[in-house]
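Residues per chain are reported as follows:
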Amino acid sequence: MFRSTLRLAPTVNPFDAEGEPILFPDDQDLRFVHPIYDAEGAWQLNTKSLNVIANVFLNYKPTKWLNFKTQFAPNITTQRFGEYRGLLTKSSRNDPSRIQSHYQSDFNTAYTWDNILDFDFDIAPDR
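Calculation rules
Residues numbered from 1 in each chain as written. Predicted model: local features only at pLDDT ≥ 70, side-chain atom pairs only at ≥ 80, totals over all residues. Heavy atoms only, no water. Pairing = 2+ DSSP bridges. Helix = DSSP H or I, 4+ residues; strand = E, 2+ residues; numbered from the N terminus. Patch = residues over 30% accessible without salt bridge, like charges linked within 9 Å, V, L, I, M, F, W, Y side chains within 5 Å. Areas by Shrake-Rupley, 256 points an atom, 1.4 Å probe, with all protein chains shown as cover. Salt bridge = Lys/Arg side-chain N within 4 Å of Asp/Glu carboxyl O. Buried < 20%, exposed > 50% of the residue type's maximum accessible area, 1.4 Å probe, protein only. Polar contact = N/O pair within 3.5 Å; in protein donor to acceptor, adjacent residues only side chain to side chain.

1. Description of the pairing of strand S3 (residues 66-85)
Here is step 1 of the chain: As judged from the five bridges shared by strand S2 (residues 56-60) and S3, these two strands associate in the antiparallel manner. Paired with Asn59 across the strands is Lys69, a residue of S3.
Here is step 2 of the chain: Connecting S2 to the antiparallel partner S3 that follows it, the hairpin turn spans five residues.

2. Regarding a nonpolar patch on the surface
Here is step 1 of the chain: A grouping of Trp65, Leu117, Phe119, Phe121 and Ile123 is seen on the molecular surface, where their side chains present a nonpolar patch of about 600 Å² in accessible area.
Here is step 2 of the chain: Along the chain, Phe119 turns up in strand S4 (residues 100-119).
Here is step 3 of the chain: A relative accessible area of 52% places Phe119 in the exposed class.

3. Overview of the side chain of Glu83
Here is step 1 of the chain: Position of Glu83 among the secondary structure elements: in strand S3.
Here is step 2 of the chain: Engagement of the side chain of Glu83 in a polar contact is seen with the side chain of Arg85, the distance being 2.7 Å.

See below:
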């Protein structure tokens, strides 16, 4: 939106006789769309993410010299991305056959699971 605003020639008229915005106000340079279309939502992005990192452990000591620890650490990531380019955008150029919509969804899991067994005893008695 800002790039089109800065690159449009200051001498072009961005509105027609009825006061409606013109999609491509500069007939000589069709690279730049009227910025008001982007501002009014002709092109939309939607991204949502969730990242969960946790850690759970259990420590068990069945005897004085034996210790068991199990530790579980999951990492869960989910992401959703959507994009819509409506009729009045640079890519569609006011042609209904060129309207675009994209959707992508990702879900990833990973984890670390540690099991540690500790022995703490003397083989030979103290003298």
